[in-house]
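Per-entry structural report
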Amino acid sequence: MRFLIWLVVGFAVVTWFMRLKAHVVNSARHGSEGANRKPRSAVPVAEAMLQCAHCGVHFPASEAFVDPDGAAYCSEDHRAQRTLR
């Protein structure tokens, strides 16, 4: 019975050392790769906001409908209404 207990304790110690070694190797491997990577930005980059020349609503510049004169509109309808006036 004493032999069985020592066998289980020895197995637990060997398993613990193998896991510790694997953790140290993985940490070293990922640590060297992490130094070469750029850190990710937690905050998204802000986009420029424009004001509709027709209704005054603010909207992202990527959604703008621009008139040949350079005026920005929030929708195609507002751009069309503005040119009719």
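Moving on: the overall build of the protein. Scanning the protein for helices and strands turns up two helices and four strands. Listing every helix and strand of the protein by position from the N terminus yields α-β-β-β-β-α. Split into buried and exposed, the 85 residues of the protein put 7% on the buried side. Restricting to contacts in the protein with at least 6 residues of sequence separation, those with at least 24 account for 11%. When the accessible area of the protein is evaluated, it comes to approximately 7,500 Å², of which 63% is carbon and sulfur surface.

As for its position among the elements, H78 is in helix α2 (residues 76-84). Apart from residues no more than four positions distant in its own chain, H78 is found in contact with C52, H54, C55 and Y73.

Another point: the environment of A48. If you trace the backbone, A48 turns up in the loop between α1 (2-36) and β1 (49-51). Exposure remark for A48: the relative accessible area of 48% places this residue in the partly exposed category. Through-space distance from the C-alpha of A48 to that of S62 is 8.3 Å; in sequence the pair is 14 residues apart. Residues within four places of A48 in sequence aside, it is in contact with F59, P60 and A61.

Another point: the pattern of salt bridges. Overall, the coordinates contain one salt bridge when judged by the stated rule. With a closest N to O distance of 2.3 Å, E76 and R79 form a salt bridge. Of the two residues, E76 and R79 both sit in helix α2, three residues apart, roughly one turn of that helix. Accessibility expressed as a relative area gives 22% for R79, which makes it partly exposed.

What follows concerns the state of the cysteines. Within the structure shown, the criterion is met by zero disulfides. Take C52: it sits in no disulfide, and the sulfur closest to it among the cysteines is that of C74, at 3.7 Å. Residue classification places C52 among the buried positions, given a relative accessible area of 4%. The closest cysteine sulfur to the non-disulfide-bonded C55 is located on C52, 3.7 Å from its own sulfur. Exposure remark for C55: the relative accessible area of 39% places this residue in the partly exposed category.

Cut-offs and rules
- Residues numbered from 1 in each chain as written.
- Predicted model: local features only at pLDDT ≥ 70, side-chain atom pairs only at ≥ 80, totals over all residues.
- Heavy atoms only, no water.
- Helix = DSSP H or I, 4+ residues; strand = E, 2+ residues; numbered from the N terminus.
- Buried < 20%, exposed > 50% of the residue type's maximum accessible area, 1.4 Å probe, protein only.
- Contact = heavy atoms within 4.5 Å.
- Areas by Shrake-Rupley, 256 points an atom, 1.4 Å probe, with all protein chains shown as cover.
- Salt bridge = Lys/Arg side-chain N within 4 Å of Asp/Glu carboxyl O.
- Disulfide = S-S within 2.5 Å.

These results come straight from atomic positions and should not be treated as a statement about function.
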